[in-house]
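Each chain, written out:
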Amino acid sequence: SAVYSQYSFAVYALATQETGARAIVVPARELGHDLEAMRAAIAADTRVVFVANPNNPTGTWAPREEIEAFVASVPADVVVVLDEAYDEYLDPALRSDSIRRVREHPNLIVCRTFSKAYGLAGLRVGFGIAQAELTDLMNRVRQPFNVSSVAQAAALAVLDDRAYLQRSYEMNRAGLQRLHGAFERMGLEYVPSYGNFVLVRVGDAPGVYESLLRAGVIVRPVANYGLPEWLRVSVGLPEENEVFLRALEQALEGS
Ligand SMILES: *Cc1c(COP(=O)(O)O)cnc(C)c1O
């Protein structure tokens, strides 16, 4: 079996299904991971636990100490996949040091991606850090040549581009403030986000989605996550955020 949280990244459910394993889906706490309940849900046949921090699509985040305590509490024969796809968007003081924890926990794998703050989603490149025993096992089942040489070259180049990452971080932070503030003023429920998107409750999500689409704005309906009244909107460039907010206001007036 595999353990993951309700409302967590859809790929965990797909990966579990793909292997024919049993999914143990742990109810969320205020839309975020309930780590204590996840620890308690680990069964005798559990081989892997997925934790997204920050999580997609909710944008929720758990502090370092909570993650550390959780990882330390998981039995040594259960792999913890700590997915930190959005770590670079966190305030520097909040960013994870889990990569160092890998030395202490042979069952921990920390995943990062170049698809988000590094802006290379189309190149399909990311990485995981774990002890050799675990990476050796993964190496046996991964697809051959699964990361192209072009993707690797781009990843290496962008790793050194501190200025790009900093701009990405700052633009996102400003965009989150803008969206959070606007939702506040509009009286819309939203989940304060630690990622590069915000989950917002609009009520008639299919209707609002359609209306936004007609205005040229594509957001993500999340009914498939069990959140039928919500939409997830990515932070865009400053002018894109304004186009979205105007279109959202019109959509809500019309509904
Ligand atoms: C985007 C994302 C990833 C990484 O996606 P890739 O583009 O496949 O590298 C991993 N986890 C979460 C939670 C994500 O949102």
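Being a predicted model, the structure only gives us computed values, none of them experimental.

### Brief notes about the overall build of the protein
Now for step 1: Helices and strands together make up the secondary structure of the protein, namely 9 helices and 10 strands.
Now for step 2: Against the compact-globule benchmark of 18 Å for 255 residues, the protein has a radius of gyration of 19 Å, which places it among compact chains.
Now for step 3: Its C-alpha atoms give the protein principal-axis dimensions of roughly 55 × 40 × 35 Å.
Now for step 4: Evaluated residue by residue, the protein yields a buried proportion of 44% over its 255 residues.
Now for step 5: Taken as a whole, the protein presents about 13600 Å² of accessible surface, with 53% of it coming from carbon and sulfur.
Now for step 6: Across the protein, 24 positive and 31 negative side-chain charges occur, with their mean positions spaced 3 Å apart.

### What about helix α7 (residues 162–186)?
Now for step 1: With 25 residues, α7 extends 36 Å from end C-alpha to end C-alpha; this agrees with the ideal 36 Å at 1.5 Å per step.
Now for step 2: Among the residues making up α7, those that are buried are Leu165, Ser168, Tyr169, Asn172, Gly175, Leu176, Leu179, His180, Ala182 and Phe183.
Now for step 3: Buried positions along α7 lie against β7 (190–191), β8 (197–201), β10 (230–234) and α9 (238–254).
Now for step 4: Positioned one or two residues after α7, glycine 187 has a phi angle of 70°, which is positive.

### A closer look at the pairing of β10
Now for step 1: Among the 5 residues that make up β10, 4 are buried, leaving the element largely enclosed by the rest of the structure.
Now for step 2: Relative to β10, β8 is paired through 5 bridges, and the arrangement is antiparallel. Each residue of the ladder has a partner; that of valine 198, found in β10, is valine 233.
Now for step 3: As paired strands, strand β9 (residues 220–221) and β10 are joined by 2 bridges and run antiparallel to one another. Looking at β10, one finds that proline 221 is bridged to leucine 231.

### Some thoughts on the site of the ligand
Now for step 1: Taken together, Phe9, Asn56, Asp83, Ala85, Tyr86, Thr113, Ser115, Lys116 and Arg124 make up the full set of residues adjacent to the ligand.
Now for step 2: Here a nitrogen atom of the ligand sits 2.5 Å away from a polar atom, N or O, in the side chain of aspartate 83.
Now for step 3: The protein chains hide 79% of the 390 Å² of surface that the ligand would expose on its own.

### Remarks on unusual backbone geometry
Now for step 1: A cis geometry characterises the amide bond from asparagine 53 onward to proline 54, with omega recorded as -5°.
Now for step 2: Mapped onto the fold, proline 54 is located in the loop between β3 (48–52) and α3 (64–73).
Now for step 3: Cis geometry marks the peptide bond from asparagine 56 to proline 57, where omega comes out at 15°.
Now for step 4: Checked against the element boundaries, proline 57 lands in the loop between β3 and α3.

### Digging into the packing of aromatic side chains
Now for step 1: Under the defined criterion, the tally for this structure stands at 9 aromatic pairs.
Now for step 2: Ring centres of tyrosine 12 and phenylalanine 50 lie 4.7 Å apart, and the angle between their planes is 5°; on these two criteria the pair is classed as stacked. Here tyrosine 12 is found in helix α1 (residues 10–19), whereas its partner phenylalanine 50 is found in strand β3, with 38 residues between them in sequence.
Now for step 3: Accessibility expressed as a relative area gives 13% for phenylalanine 50, which makes it buried.
Now for step 4: Taking 6.1 Å as the distance between ring centres and 50° as the angle between the ring planes, the aromatic pair formed by phenylalanine 183 and tyrosine 190 counts as tilted. Each member of the pair, phenylalanine 183 as well as tyrosine 190, is classed as buried.
Now for step 5: A network of ring pairs unites the aromatic residues Phe9, Tyr12 and Phe50 as a single cluster.
Now for step 6: The lysine or arginine in question, arginine 95, covers the ring of tyrosine 169, its NZ or CZ lying 5.1 Å from the ring centre.
Now for step 7: When the ring centre of phenylalanine 197 is taken as reference, the NZ or CZ atom of arginine 232 above it lies at 5.5 Å.

### A word on the side chain of aspartate 34
Now for step 1: Along the polypeptide, aspartate 34 turns up in the loop between β2 (23–26) and α2 (35–41).
Now for step 2: Looking at aspartate 34, the relative accessible area reads 16%, which means it is buried.
Now for step 3: Ignoring sequence-local partners within four residues, the contact set of aspartate 34 consists of Val26, Pro27 and Arg29.

How each quantity is defined
- Residues numbered from 1 in each chain as written.
- Predicted model: local features only at pLDDT ≥ 70, side-chain atom pairs only at ≥ 80, totals over all residues.
- Heavy atoms only, no water.
- Helix = DSSP H or I, 4+ residues; strand = E, 2+ residues; numbered from the N terminus.
- Rg over C-alpha atoms; globule rule 2.2 N^0.38 Å.
- Buried < 20%, exposed > 50% of the residue type's maximum accessible area, 1.4 Å probe, protein only.
- Areas by Shrake-Rupley, 256 points an atom, 1.4 Å probe, with all protein chains shown as cover.
- Lys, Arg positive; Asp, Glu negative; His and termini not counted.
- Charge placed at Lys NZ, Arg CZ, Asp CG, Glu CD.
- Expected span 1.5 Å × (residues − 1).
- Contact = heavy atoms within 4.5 Å.
- Pairing = 2+ DSSP bridges.
- Near = heavy atom within 4 Å.
- Polar contact = N/O pair within 3.5 Å; in protein donor to acceptor, adjacent residues only side chain to side chain.
- Phe/Tyr/Trp six-rings, centres within 6.5 Å; stacked < 30°, edge-to-face > 60°.
- Lys NZ or Arg CZ within 6 Å of the ring centre and 35° of its normal.

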